[in-house]
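# Reading the structure
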Amino acid sequence: MKEWESMQTKQPRRLHSMINFWSSLLRRLSRQGVLVFASSFIIHLSASAGYAGGPYVVWVNLDHSFDGERIDSVVADFVASNSINCDGQWKSGDSLLYMKKRPPLIDDDLVRKVFLKRDAIQRKYLSDALRKYSEIGFRHYDGLDGIVVYSNQGVAKMMSLTTKKKEIQSVVLASRGNRPMKKDVEDAFCALLPPITRAP
């Protein structure tokens, strides 16, 4: 997290210098009637120079009961709301959560083996599937930053794995037989949200 925060503070200065340079060039080119390429290029720099976007995260709910559907709704409403921030990690209009449209290699069986059985071989397979994922029609940046999982086996809990990492993070949401509260689900999602791991 500290490394990411350091990148965040350095990013605006470098980006500001680049934008100033291209703004100056744009003014010079405008006198010669050359505008289209320069203006589109400076917009692209403002939006993406040195920044990978994200995080891009997969959501998997291993509880297919009615209460599991309620958890899905809580998470979906939360990431679509204006109130979500997660201490600056979640950026509305930039971060992505793959819920229904899940990468085909990441199925429930694989997720159970990784998160419930702690299978190290399957964890590597999952991490590779996240890292190599590429979506047709969205090729700005390949790969996903991690996965967040909900399970009610034993106790209701949320877990996450960051791409290229080995450690599984976990937060218990409710004791056996009790339903997780909405606020607890939202807080756990933010606490477990994987950071951006893809290179810009």
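Every residue gets a number counted from 1 within its own chain, in the order that chain's sequence is written. Two thresholds apply to this predicted model, a pLDDT of at least 70 for residue-level local features and 80 or more for giving and counting side-chain atom pairs, whereas whole-chain, interface and lining totals are computed over all residues. Based on all heavy atoms of the structure, the side-chain values leave hydrogens and waters out of the count.

### Let's talk about unusual backbone geometry
Positive phi outside glycine occurs at C86, with the angle close to 55 degrees. Strands here are runs of E lasting at least two residues and helices are runs of H or I lasting at least four, both read from the DSSP assignment and numbered beginning at the N terminus. With respect to the helices, strands and loops of the structure, C86 is situated in the loop between helix 3 (66–80) and strand 2 (96–98). For C86, a relative accessible area of 7% gives the class buried. One non-glycine residue, K164, lies in the positive phi region at around 75 degrees. Along the chain, K164 falls in the loop between strand 4 (156–162) and strand 5 (168–174). The buried label applies to any residue whose accessible area, calculated with a 1.4 Å probe on protein chains only, is under 20% of its type's maximum; exposed applies above 50%, and partly exposed to all values in between.

### A closer look at the sheet that holds strand 3 (residues 146–151)
By this definition, two strands are paired if DSSP reports at least two bridges between them. Here we have five strands laid out as an open sheet, ordered 2-1-3-4-5, and mixed in their pairing. Of all the strands in the sheet, just strand 2 and strand 5 have a single pairing partner and so form its edges. Here the average twist between neighbouring strands, direction ignored, is 20 degrees. Summarising the sheet, strand 1 (residues 56–61) and strand 2 pair through three bridges and their orientation is parallel. Within strand 2, the position partnered with V57 by the bridge is L97. With respect to the sheet, helix 3 is in contact with strand 1, strand 2 and strand 3, its orientation differing from that of strand 1 by roughly 160 degrees. Packed on one face of the sheet, helix 5 (residues 120–132) meets strand 1, strand 3 and strand 4 and runs near 125 degrees to strand 3. What counts as an axis is a line fitted to C-alpha atoms, over the stretch in contact for a helix, and the angles between N-to-C directions run from 0 to 180 degrees. The contact criterion used throughout is that any non-hydrogen atoms of two residues lie within 4.5 Å.

### A few points about the packing of helix 4 (residues 108–115) against helix 5
At a closest axis distance of 8 Å, the pairing of helix 4 and helix 5 adopts a crossing angle of 125 degrees. By the angle class used here, helix 4 and helix 5 are oblique. Every pair of crossing elements has a handedness; the one defined by helix 4 and helix 5 is left-handed. Contact residues: L110, K113, V114 and F115 in helix 4; Q122, R123, Y125 and L126 in helix 5. Orientation categories follow fixed angle ranges, with anything under 35 degrees roughly parallel, anything over 145 roughly antiparallel, 65 to 115 roughly perpendicular, and all other angles oblique. Working rule for handedness: look at the near helix, and if it is turned counterclockwise from the far one by less than a right angle, call the crossing left-handed; if clockwise, right-handed.

### Notes on the packing of aromatic side chains
Pairing of aromatic rings covers Phe, Tyr and the six-membered ring of Trp, with a centre-to-centre limit of 6.5 Å; geometry is then stacked below 30 degrees between planes, edge-to-face above 60, and tilted otherwise. As enumerated under the stated definition, the model contains three aromatic pairs in all. When the ring of W90 is compared with that of F189, the centres are 6.0 Å apart and the planes differ by 65 degrees; the resulting orientation is edge-to-face. Of this pair, W90 sits in the loop between helix 3 and strand 2 while F189 sits in helix 6 (residues 182–192), and the two are 99 residues apart along the sequence. Exposure class is identical for W90 and F189. Each is buried. Judged by centre distance (5.8 Å) and plane angle (85 degrees), the rings of Y98 and Y133 are edge-to-face. Of this pair, Y98 sits in strand 2 while Y133 sits in the loop between helix 5 and strand 3, placing them 35 residues apart in sequence. Among the aromatic residues, ring-to-ring pairing joins F78, W90 and F189 into one connected group. Note on geometry: a ring has a charge over it if NZ (lysine) or CZ (arginine) is within 6 Å of the ring centre and within 35 degrees of the ring normal. For the cation-ring pair, R198 lies above Y56, with the distance from its terminal atom to the ring centre recorded as 4.0 Å.

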